[in-house]
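# Structural features, examined
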Amino acid sequence: MYDLTGFQRDLLYVIAGEEEPHGLAIKEELENYYEKEIHHGRLYPNLDTLVDKGLVEKGRRDRRTNFYTLTRRGRRELEARRDWEAQYVDL
């Protein structure tokens, strides 16, 4: 996870929190969080990077719609990140 951008980590969290979200659902969640528009040119290349790194799997719902899920590795990386954060943040 150390080599991911903050945006890419946020993508992982959104994907983990939904059941097979499609790109536009992910985009809407992040727009609500960031309170600004997320352009397709930012979203999809970053999703592809996560797929290439083996953290996310991309599937097809139909000819126009892809969905995304965390891989086992992606889930392990999120868990490791949370453990690391817990060392420094006690809420």
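Residues numbered from 1 in each chain as written. Predicted model: local features only at pLDDT ≥ 70, side-chain atom pairs only at ≥ 80, totals over all residues. Heavy atoms only, no water.

In the nomenclature of an unreviewed UniProt entry, the chain corresponds to Transcriptional regulator, PadR family from the organism Natrarchaeobaculum sulfurireducens.

### Details of the pairing of strand β2 (residues 66–70)
Stated precisely, the cut-off is as follows: One bridge is not enough; two strands pair if DSSP finds at least two bridges between them. Counting from the N terminus, the helices are DSSP H or I runs at least four residues long and the strands are E runs at least two residues long.
As paired elements, strand β1 (residues 56–60) and β2 share five bridges and run antiparallel to each other. Bridge pairing links V56 to L70 in β2. Taken together, β1 and the strand that follows it, β2, pair antiparallel across an intervening segment of five residues.

### Some thoughts on the pattern of salt bridges
Convention followed: Here a salt bridge means any side-chain nitrogen of Lys or Arg lying within 4 Å of a carboxyl oxygen belonging to Asp or Glu. Note on exposure labels: buried denotes an accessible area under 20% of the residue type's maximum, exposed denotes more than 50%, and partly exposed covers the range between, all computed with a 1.4 Å probe on protein chains only.
For the structure on display, the rule yields six salt bridges. Close ionic contact of D3 with K53 constitutes a salt bridge, the shortest N to O distance being 2.8 Å. Separated by 50 residues along the polypeptide, D3 in the segment before α1 (6–17) and K53 in the loop between α3 (40–52) and β1 bring together distant segments of the chain. Close ionic contact of E77 with R73 constitutes a salt bridge, the shortest N to O distance being 4.0 Å. Of the two residues, E77 and R73 both sit in helix α4 (residues 72–86), four residues apart, roughly one turn of that helix. Given a relative accessible area of 21%, E77 falls into the partly exposed group. Overall, R73 belongs to the partly exposed group, its relative accessible area being 37%.

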